[in-house]
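Observations on the three-dimensional arrangement
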Amino acid sequence: INRYGINEVEQWYFEFWKEGDLDYVFWSGKFDKYLNTFQNYYNIIKEIIPNAKIGGPGFNPEVNIKWFDEFLKQVKITGTKFDFLSISIYPYELIEDSKSEKLNKKNNTPQKTLKNEEGEYLTHLLPSKDRNYSKVKLNKIRKIIKASGVNIPEIHVTEYNSSISHRHPANDATF
């Protein structure tokens, strides 16, 4: 505020990102600590800069979608306020090894499927072939928010690329 002035800073958006609990990507479905911290920062910032926009948590609609309903449920229960929801969109589809196992049998291609210690099939991220991937994911998120009854007025894509990997062959190419 001292450097840019209140008129400038009150136009800013502040994103409080939540990294995944498991390998920094997958969430365990426990959002209480994040929501508590988020609400505290929200209140402090709004006290100083009432017109600033505050949001998060940087959901990946493909990888973390199974936790999205639980997240919204906890937002509703705690009364946490979000000015915007932030998401990241990378055109990948989450494929479970059970599906690839069925495809391998159907195509008669021997390929090993992997299971974790609990005997659950592992999942893999594969590039999506859907040309409308971003639109489809944003529409899905909008529908879930509407159905939840939680008021989140804006959705912001704060991460986007054709690949989630820094070492993907398409990076730095004419692709």
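Keep in mind it's a predicted model, so treat the numbers as computed, not measured. (Residues numbered from 1 in each chain as written. Predicted model: local features only at pLDDT ≥ 70, side-chain atom pairs only at ≥ 80, totals over all residues. Heavy atoms only, no water.)

With parallel pairing, the 4 strands of this open sheet are ordered in space as E1-E2-E3-E6. With one partner strand each, in any of the chains shown, strand E1 (13–15) and strand E6 (155–160) form the two edges of the open sheet. Sheet twist, expressed as the mean angle between neighbouring strand axes with direction ignored, is 35°. Where strand E3 (residues 84–89) meets E6, 5 bridges bridge the pair, whose relative direction is parallel. Across the sheet, residue isoleucine 89 finds its bridge partner in E6, namely tyrosine 160. This element, helix H3 (residues 65–78), spans strand E2 (53–59) and E3 of the sheet and lies at about 145° to E2. (Pairing = 2+ DSSP bridges. Helix = DSSP H or I, 4+ residues; strand = E, 2+ residues; numbered from the N terminus. Axes fitted to C-alpha atoms, helices over the stretch in contact; angles between N-to-C directions. Contact = heavy atoms within 4.5 Å.)

Its place among the elements puts serine 88 in strand E3. With residues near it in sequence (within four places) discarded, serine 88 still touches Gly58, Phe59, Asn60, Pro61 and Glu159.

A word on a nonpolar patch on the surface. A contiguous nonpolar patch, built from Ile1, Ile6, Ile44 and Ile48 and spanning about 340 Å² of accessible area, is present on the exposed surface. Among the residues examined, isoleucine 44 registers a relative accessible area of 47% and is labelled partly exposed. (Patch = residues over 30% accessible without salt bridge, like charges linked within 9 Å, V, L, I, M, F, W, Y side chains within 5 Å. Areas by Shrake-Rupley, 256 points an atom, 1.4 Å probe, with all protein chains shown as cover. Salt bridge = Lys/Arg side-chain N within 4 Å of Asp/Glu carboxyl O. Buried < 20%, exposed > 50% of the residue type's maximum accessible area, 1.4 Å probe, protein only.)

Proline 57 follows glycine 56 through a cis peptide bond whose omega is 0°. Locating proline 57 in the fold gives a position in strand E2.

Moving on: the packing of helix H2 (residues 32–48) against H3. Direction vectors running N to C along H2 and H3 enclose 50°, while the axes themselves pass 11 Å from each other. Between H2 and H3, the crossing angle belongs to the class labelled oblique. For the crossing formed where H2 meets H3, the hand is right-handed. On H3, the residues touching Asp32, Tyr34 and Leu35 of H2 are Phe71, Gln74, Val75 and Thr78. Looking at the contact of H2 with H3 residue by residue, the classes come out as 4 nonpolar, 2 polar and 1 charged. (Parallel < 35°, antiparallel > 145°, perpendicular 65-115°, else oblique. Left-handed = near helix turned anticlockwise from the far one by under 90°. Nonpolar A, V, L, I, M, F, W, Y, C, P; charged D, E, K, R; others polar.)

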